[in-house]
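# Structural overview
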Amino acid sequence: MKRPPIVEASAEMPTSTRRAVGKSAAHYTAARVGALPSVFDDPEAARTRAAEIKQGVLDHLPDLLEQLEAACIASGIRVHHAQDAAEARRLVIEICRAASPAGGVVAKAKSMATEEIGLNAALEEAGFEPVETDLGEFVVQIDHDHPSHIVAPIIHKTKEDVARSFAREGLGEYTEDPEALTKQARAHLRGKFRSAAIGVSGVNFAIAETGRLALVENEGNNRLSTTAPDVHIAVMGIEKILPTEEDLALFLPLLAASATGQSITTYVHFVSGPKRGDEPDGPREVHLVLLDNGRSKVLAGPYQRILLCIRCGACLNVCPVYRQVSGHAYGHVYPGPLGAVLVPAMEGVEQFGHLAKASSLCGACEEVCPVKIPIPEMLLRLRAESKGDSWAAFAAGATHPSLWRSGLRLLPMAPKVGPLKAWSEFREPPRREGREFRKWWHSRSPVTPARSVEREPSVEHAAPRESQQEGASDAEALWARFQAQLEKLQGRIASLKELERLAGPWWVDGDAAERCPWTSTTDDVWEANVGVSLAVCAIAETGSVVLESGPAKTRLGALAPPVHVILVPQAQIVATLAEGIARMSARTSVIATGPSRTADIGGHLIRGVHGPGEVIVVRI
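Computed from a predicted structure; not experimentally measured.

How each quantity is defined
- Residues numbered from 1 in each chain as written.
- Predicted model: local features only at pLDDT ≥ 70, side-chain atom pairs only at ≥ 80, totals over all residues.
- Heavy atoms only, no water.
- Helix = DSSP H or I, 4+ residues; strand = E, 2+ residues; numbered from the N terminus.
- Buried < 20%, exposed > 50% of the residue type's maximum accessible area, 1.4 Å probe, protein only.
- Areas by Shrake-Rupley, 256 points an atom, 1.4 Å probe, with all protein chains shown as cover.
- Pairing = 2+ DSSP bridges.
- Axes fitted to C-alpha atoms, helices over the stretch in contact; angles between N-to-C directions.
- Arc of directions from axis to C-beta.
- Core = buried A, V, L, I, M, F, W, Y, C linked by side-chain atoms within 4.5 Å.
- Contact = heavy atoms within 4.5 Å.
- pLDDT = per-residue confidence, 0-100.
- Expected span 1.5 Å × (residues − 1).

## Considerations on the overall build of the chain
- For the chain, the count of helices and strands is 26 helices and 21 strands.
- Buried positions account for 56% of the 620 residues belonging to the chain.
- A total accessible area of about 26600 Å² is found for the chain, and carbon and sulfur atoms account for 53% of it.

## Remarks on the sheet that holds strand β2 (residues 104-108)
- The parallel open sheet is built from 6 strands, whose spatial order is β1-β10-β7-β4-β2-β3. Since the sheet does not close on itself, it has two edges, and those belong to β1 (78-82) and β3 (128-132), each with one partner. Averaged over all pairs of adjacent strands, the angle between strand axes in this sheet comes to 25°, irrespective of strand direction.
- Sheet topology places β2 next to β3; 5 bridges connect them, and they run parallel. Looking across to β3, one finds that Val105 is bridged to Glu129.

## Section: the pairing of strand β7 (residues 231-237)
- Among the 7 residues in β7, 7 count as buried, and that is most of the element.
- Burial along β7 is two-sided: Val231, Ile233, Val235 and Gly237 and His232, Ala234 and Met236, pointing in opposite directions, are all buried.
- One ladder, built from 4 bridges, connects strand β4 (residues 198-201) with β7; its direction is parallel. Bridge pairing in β7 places Ser201 opposite Ala234.
- As paired strands, β7 and strand β10 (residues 285-291) are joined by 7 bridges and run parallel to one another. Looking across to β10, one finds that His232 is bridged to Val286.

## A word on helix α19 (residues 375-385)
- Listed as buried for α19 are Ile375, Pro376, Met378, Leu379, Leu382 and Arg383. End-on view of α19: buried residues confined to an arc of 160°, all on one side of the axis. Exposed and oriented more than 90 degrees from the buried face of α19 are Glu377 and Ala384.

## A look at the nonpolar core
- Ranked by internal contacts, the top residues of the largest apolar core, which has 104 residues, are Leu288 and Ile306.
- No other element matches the 8 residues that helix α12 (residues 248-260) contributes to this core.
- Every residue in contact with Leu288, bar those within four places of it in the chain, is listed here: Leu68, Cys72, Ile77, Arg78, Val79, His80, Val203, Leu213, Ala234 and Met236.
- Counting 47 residues, the second-largest nonpolar core is a separate cluster that includes Phe193, Phe482, Ala540 and Ala575.

## What to know about the pairing of strand β16 (residues 563-568)
- Among the 6 residues in β16, 6 count as buried, and that is most of the element.
- Burial of β16 is two-sided: the residues Val563, Val565 and Leu567 facing one way and the residues His564, Ile566 and Val568 facing the other way are all buried.
- By the bridge criterion, 6 bridges tie β16 to strand β21 (residues 614-619) in an arrangement that is parallel. For Val563, the partnering residue across the bridge sits in β21 and is Glu614.

## Digging into the confidence of the model for the chain
- On average, the chain scores 90 in pLDDT, and the residues at 70 or more come to 88%.
- Note on residues 467-472: pLDDT under 50 across the span, and 8 contacts to partners over four residues away in sequence or across chains.

## Some thoughts on helix α2 (residues 15-39)
- With 25 residues, α2 ought to run about 36 Å at 1.5 Å a step, and its terminal C-alpha atoms sit 36 Å apart, in line with that.
- Looking at the packing, one finds that the buried side of α2 touches α3 (43-59), α12, α14 (314-318), α15 (320-325) and α18 (364-368).

## Notes on the sheet that holds strand β14 (residues 537-539)
- Judged by pairing direction, the sheet is mixed, and its 8 strands sit side by side in the order β8-β5-β6-β9-β18-β15-β14-β17 without closing on themselves. The open sheet has two edge strands with one neighbour each: β8 (241-242) and β17 (573-574).
- Where strand β6 (residues 213-217) lies against strand β9 (residues 267-271), 5 bridges are found, and the strand directions are antiparallel. Bridged to Leu213 within β9 is Val271.
- Here α12 sits on the sheet and contacts β5 (205-207), β6, β8 and β9; the angle it forms with β5, its principal contact strand, is near 175°.

Spelled out as structure tokens, the structure:
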């Protein structure tokens, strides 16, 4: 029997890689289990509601795309359509050449869509220097490797692997300290952000009603890549739309909890077009490339619901096959249960149908999916479509009791005979334990099961938990809740007096200077040690602040300095994420939650990877 490609790849995988992948995947799975009940009163209702909203998007996708395009154009975002990967690459390169004819650095934020179209190789061929700025993606790039996970790209690497790579590239002295390695990457990539004329990102959610692009991240490189360069290009699969900004209050915590066990990511960047005439920084051009690349075909076929996916990676983390073989074994940028359906659906069952066999059909992927995609059901359908399906013999046996009983008796011989010899090379047949089921079934006493009470999930239970707590209108109670959440993230609240000891130089936004005793002591925000911003409001539920662009309001002042001081007027505190989103103006804004962070290197949590490592809130 010829071994499938995924088995071949797994056979060559080092034990250390398998161990690293399994450990990290188990960690993310456990974090998700703890996070969802802490965020939602009824996680199941939240998943159901999210699935309904995303299904509505697929049902009305042409209309929503038209609405999104009109709203983007109205806000100054230039919209492009790419039918396939080649057209997407051509469009991006044309924009780059128009912005920077001599080539130069292209700062890239983490984006599965750009991985999908192979953008880096095309940019290099066109004379540009694409630089991955996400820490994990940066390691992948300098190692000429590929991401093995859609959220944690170097889940397969240890801190020793990263240490050797950084020393080889001359980023600093050899060290295995994750914090020191992170600082080496920060220092190296600062120069790239400052010299880049173009920034490229993906999009997590595009809002049809407003044309706003929502980008989520923890490190701050996404914000830097889409703020510092003159031109921002966003590449997005056409299915990643939400109808309204109100929907974000459900999807942002659902995505963060499912992906990394957080209640919300450190940054949610809301791009509302290029910088306006009265704004001191931001890109002068924003382009949105809407990528089809087979999605319309999937939308019209039996695997449509795989397009509900919001790219959290939870199905990868929980999958026993993924934990054993890692992402590279799938031979595509989309690995795991997601890729086993999406890839053959987009690119053909003949070429990638074998991926559907890389599953134990345990159903765990569907159980953790935040939008309830029936992945096992689709895997079975793909198996049936695949040529040479070895499961035909299993299906025949399972539908004929006499064959089934004979098979069970012969199962212990599987490693020694016929075609099952190769099959069992990497699989261990189950061993019989206990009594025969039929004997037990017939001998048991009849039991009348207790009648269970089924409850229809309600839309109300899908709301984040904090929105339903009593006393939410009390300002002091809200500030206490805000402080508790902020301190969990290693942020803190201080008085103006306490901040006098902070070492400069200082960068103080114009509107913040009117409310505090400091003034800027540097004209270069990149050289500042402390940045001071005035917030629109604070959000008690998540310990977040809402910042927006505007006259005398810089985006980089909240991002480039190592220390960020945020002034929040006493009365500007809201209870919930939904209320915070509603407070945002139509300008480009950000919801910032604690210090910049990463856990890419060996799972060690490090603060200050790209954005501020220290966040201090002052009530004024």
